[in-house]
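Now for the letters of each chain:
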Amino acid sequence: MREPRRDEVDELVEAWARERSDLDLAPVAVFSRISRLARHLDLARRAAFTTHGIESWEFDVLAALRRAGAPYELSPGRLLRETLVTSGTMTNRVDRLAARGFVERSPDPADRRGVIVRLTGEGKTAVDGAFEALLDAERGFLADLPAAEQDQLGGLLRTLLAPFAGS
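Residues numbered from 1 in each chain as written. Predicted model: local features only at pLDDT ≥ 70, side-chain atom pairs only at ≥ 80, totals over all residues. Heavy atoms only, no water.

- As named in an unreviewed UniProt entry, the chain is DNA-binding transcriptional regulator, MarR family, taken from Nocardioides lianchengensis.

Details of the pattern of salt bridges
Consideration 1: Scanning all chains against the criterion turns up 18 salt bridges.
Consideration 2: Here Asp7 ties to Arg33 by a salt bridge, and the two come within 2.8 Å at their closest N and O atoms. In this pair, Asp7 is assigned in the segment before α1 (8–19) and Arg33 in helix α2 (residues 26–51), connecting sequence segments 26 residues apart.
Consideration 3: For Arg78, the salt bridge is made with Glu82, and the minimal N-O distance between the two is 3.2 Å. Linking Arg78 with Glu82, this pair stays in helix α4 (residues 76–83), spanning 4 residues, or about one helical turn.
Consideration 4: Among the charged side chains, a salt-bridge network with shared partners connects Asp7, Asp10 and Arg33. (Salt bridge = Lys/Arg side-chain N within 4 Å of Asp/Glu carboxyl O. Helix = DSSP H or I, 4+ residues; strand = E, 2+ residues; numbered from the N terminus.)

A closer look at the packing of aromatic side chains
Consideration 1: This structure, assessed with the given rule, holds 2 aromatic pairs.
Consideration 2: When the ring of Phe49 is compared with that of Phe59, the centres are 4.3 Å apart and the planes differ by 15 degrees; the resulting orientation is stacked. In this pair, Phe49 sits in helix α2 while Phe59 sits in helix α3 (residues 56–67), placing the two residues 10 residues apart along the sequence. Phe59 matches Phe49 in its accessibility class, with the two residues each being buried.
Consideration 3: Owing to a relative accessible area of 7%, Phe59 belongs among the buried residues under this scheme. (Phe/Tyr/Trp six-rings, centres within 6.5 Å; stacked < 30°, edge-to-face > 60°. Buried < 20%, exposed > 50% of the residue type's maximum accessible area, 1.4 Å probe, protein only.)

This is the structure:
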């Protein structure tokens, strides 16, 4: 087993331990690292998306459509559930993505009053490129962990997130 490297969180925990030896600081050691990692991931996401000419919110909508599979379309209601935004926000986002040529609206054949939002070829190219760039960055974050430890970490994080499922 390899020797763990020290980081700034070790120093932070040690400083708190000096000042508050009465407290269990285990959560600080975990969540300070998660918080720092989240910041680095956010920067990597922005860089990957910017390289492909899209913003994070655009990626969220385009990725929801892409994950839907061919013909890459969803109702606005389904997009709301996939992206966790309000209907007014989604309307604005779809309008802006349509203006950029990344999505198009068409009448919903199952509901005369409804519409379907469909990913265009240009939108598919943008989201696929951004996703590949993001995966490259994320692989870099995980490069020092063997595959078994990556699986273990994924499982541990799933356990931590379980109480928040659906929220």
